[in-house]
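As a plain string of letters, each chain reads:
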Amino acid sequence: MNYKIFTGSTNNVWKYVFTKEDMVAEAVLYQYQSFYKRTVICCSVMSGCPVGCTFCGTGAKFIRNLTSDEIVEQIDTVLRDKNLIKDINDKCEKLQFMFMSMGEPMLNWDEVEKAIIVLNKKYDQAELLLSTIGCDNDEVFKKIIDISKKIKKVGLQFSIHKSNDEARNKLIPFHKKMNLEKIRDAGIIWWTKTGRKPFLNYCVDGANNTKQDFINLTQIFSPVVFNFTFSVVCSKDENMKEAAFRNLDIIKEFQDKFLAKGYNVRMFDPAGQDDIGGGCGQLWYVQNWLKSHQK
Ligand code: SF4
C-alpha cells in the first residue's frame, strides 16, 4: 500500500493514510512520554464504513472490507517507519493496538480475527482492543468470546455514546445492532468468560451528560462489570477543528460522577484531533479521497 504521513503539531501523534487503486485506510500512532513508555496504534478494518454514525467522516460510504494482510500491514508500516519494529514488543511498557479507526470489526470479523492471530504472534506483548458498536450477531459475538479466551490480550469496547436507545439509534442509525440492554448482557457474558472488564466508550457532546443520562447509564451498567472511556466528540468537518476541545471540562465533570460511584474510568487523550484529524470519525483525508474518487 502507498502511504503518506501527517504529523501533529504536538509531535506525539501521527496519522498514516494508506491508499491503493480501490481503497483508502488510515491508522493513527500515539506516543505517551516515549514510545517505550506507551505506544498506541489505532488501525482501520474497512475502507469506508456502512454503519453511518452521524458524527463520522465516512459519510456512510462503504468501499470494501480490508483483508487481514492490509490490517496487519498498517501496524507493521507504522512501527517500521518509526524504527520500532524490532524491539517495541520487548521494550514497550504498554503497547496497544486498537481496531477502531475506520470500519466496524464485527462486520469484517473473519479478516479481523485472522489479523488478531497474526498480530498476537508477532507482538505478543501488545494489547489488542476491539472497538464495536455491538452488531446484533450472536454467531460473531461467540467467536469474539472464543478468541478472547484463547488470547488474553484481546480487549473489548462497546461504543454507546447515548444513555437511551432512541437517542443512540439517531446517532448510530445502523439497524442490526444490539440495544443497550443487549450490550449489557453481552458485556456480562464476555466478562464472565474472560475475567476481564469490557469498556464502554462514551463521547460527551454536551447534550448527553445530564443527571438523567447518569441515572440511565448507572442503572444499566454495573461498575462490577464495566469500565468507561470518556472521549470528546471528533469533528468530521475540518473547518470545525477546535470543536474537538470544547467539552474537556464537561467530560471531566461527568466522569468524576462515575468515579465517585466506583467505576473505573479513563479519558481518551484528544491529541492530534485539532490539527491532523487524529480521532475516530474525523477521517478528513478519507473524505477528500472519497470525493476525488467518486464515479
Ligand atoms: S464512527 Fe466508526 S463505526 Fe461509526 S461510521 Fe465511522 S467508522 Fe463506522
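Data block above holds the structure.
The structure displayed is predicted, hence computed values, not measured ones. (Residues numbered from 1 in each chain as written. Predicted model: local features only at pLDDT ≥ 70, side-chain atom pairs only at ≥ 80, totals over all residues. Heavy atoms only, no water.)

*Asks:* Break down the overall build of the protein chain for me, citing the residues and quoting the values.
*Replies:* Check the secondary structure of the protein chain and you find nine helices and twelve strands. Taking as baseline every contact in the protein chain between residues at least 6 positions apart, the subset at least 24 positions apart corresponds to 71%. Surface exposure of the protein chain reaches about 13100 Å², of which carbon and sulfur atoms provide 50%. (Helix = DSSP H or I, 4+ residues; strand = E, 2+ residues; numbered from the N terminus. Contact = heavy atoms within 4.5 Å. Areas by Shrake-Rupley, 256 points an atom, 1.4 Å probe, with all protein chains shown as cover.)

*Asks:* Break down unusual backbone geometry for me, citing the residues and quoting the values.
*Replies:* Despite not being glycine, Q33 shows a phi value in the positive range, around 65°. The class for Q33 is exposed, based on a relative accessible area of 75%. With phi around 60°, N83 is a residue other than glycine that occupies positive phi space. Within the secondary structure, N83 sits in the loop between α1 (68–81) and α2 (88–91). A relative accessible area of 68% means that N83 is categorised as exposed. (Buried < 20%, exposed > 50% of the residue type's maximum accessible area, 1.4 Å probe, protein only.)

*Asks:* If you had to explain the side chain of N208 to someone new, which residues and values would you point to?
*Replies:* Locating N208 in the fold gives a position in the loop between β10 (199–204) and α7 (211–220). Classification of N208 as buried rests on a relative accessible area of 1%. Each residue touching N208, except ones within four places of it in the same chain, is listed here: H161, K162, Y202, C203, D213 and F254.

*Asks:* Report on the pairing of strand β7 (residues 94–99), specifying residues and quantitative values.
*Replies:* Extensive coverage of β7 is indicated by the burial of five of its six residues. Note that strand β4 (residues 38–43) and β7 share six bridges and pair parallel. When the bridges of β7 are listed, C43 appears paired with F99. As paired elements, β7 and strand β8 (residues 127–132) share four bridges and run parallel to each other. Residue pairing in the sheet places F97 in a bridge with L128 of β8. Between the parallel pair β7 and β8, the chain is carried across by helix α3 (residues 109–122), and the sense of this crossover is right-handed. (Pairing = 2+ DSSP bridges. Right-handed = clockwise from strand over helix to strand, strands pointing away.)

*Asks:* Please set out the site of the ligand residue by residue, giving values where relevant.
*Replies:* Within the structure, the ligand sits among C49, V51, G52, C53, F55, C56, T58, M102 and G103. Grouping the constituent residues of the shell around the ligand by class yields six nonpolar, three polar and no charged. (Near = heavy atom within 4 Å. Nonpolar A, V, L, I, M, F, W, Y, C, P; charged D, E, K, R; others polar.)

*Asks:* I'd like a rundown of the pattern of salt bridges, residues and numbers included.
*Replies:* Scanning the model with the defined rule gives 15 salt bridges in all. The partner of D136 in a salt bridge is K182, with the nearest N and O atoms 2.7 Å apart. Separated by 46 residues along the polypeptide, D136 in the loop between β8 and α4 (138–150) and K182 in helix α6 (residues 180–194) bring together distant segments of the chain. With relative accessibility at 30%, the residue K182 sits in the partly exposed group. When the shortest N-O distance is used, the salt bridge between D138 and K182 registers 3.2 Å. (Salt bridge = Lys/Arg side-chain N within 4 Å of Asp/Glu carboxyl O.)

*Asks:* Account for the sheet that holds β4, with residues named and values stated.
*Replies:* The strand order β1-β2-β3-β4-β7-β8-β9-β10-β11-β12 describes an open sheet built from ten strands, whose pairing is mixed. Single-partner strands in this sheet number two, and they are β1 (2–7) and β12 (265–267). Sheet twist, expressed as the average angle between the axes of neighbouring strands with direction ignored, equals 20°. Here five bridges tie strand β3 (residues 23–32) to β4, and the two strands are oriented antiparallel to one another. (Axes fitted to C-alpha atoms, helices over the stretch in contact; angles between N-to-C directions.)

*Asks:* Report on the packing of α1 against α3, specifying residues and quantitative values.
*Replies:* The interhelical angle for the contact between α1 and α3, taken along N-to-C directions, is 40°, at an axis separation of 8 Å. Here α1 lies oblique to α3, going by the angle between them. Considering only the axes of α1 and α3, their crossing is right-handed. Seen from α1, the contacting residues are S68, I71, V72, I75 and D76; seen from α3, they are E111, V112, K114, A115, V118, L119 and K122. Of the residues belonging to the contact of α1 with α3, the class tally is seven nonpolar, one polar and four charged. (Parallel < 35°, antiparallel > 145°, perpendicular 65-115°, else oblique. Left-handed = near helix turned anticlockwise from the far one by under 90°.)

*Asks:* Please set out the packing of aromatic side chains residue by residue, giving values where relevant.
*Replies:* Summed over all chains, the structure comprises 17 aromatic pairs. Between Y202 and F230 the ring centres are 6.2 Å apart and the planes differ by 80°, which places this aromatic pair in the edge-to-face class. Residue Y202 is located in strand β10, and its partner F230 is located in strand β11 (residues 227–232); the two are separated by 28 residues in the primary sequence. Assigned by exposure class, Y202 and F230 land together as buried. (Phe/Tyr/Trp six-rings, centres within 6.5 Å; stacked < 30°, edge-to-face > 60°.)

*Asks:* An account of the nonpolar core is needed here, citing residue identities and associated values.
*Replies:* Grouped together as the largest cluster of nonpolar side chains are 76 residues, with contacts concentrated most on F97, I116, F141, I160 and F228. Not counting the four nearest positions on each side in its chain, F97 is found in contact with I41, I75, L79, L119, Y123, A126, E127, L128 and L129. (Core = buried A, V, L, I, M, F, W, Y, C linked by side-chain atoms within 4.5 Å.)

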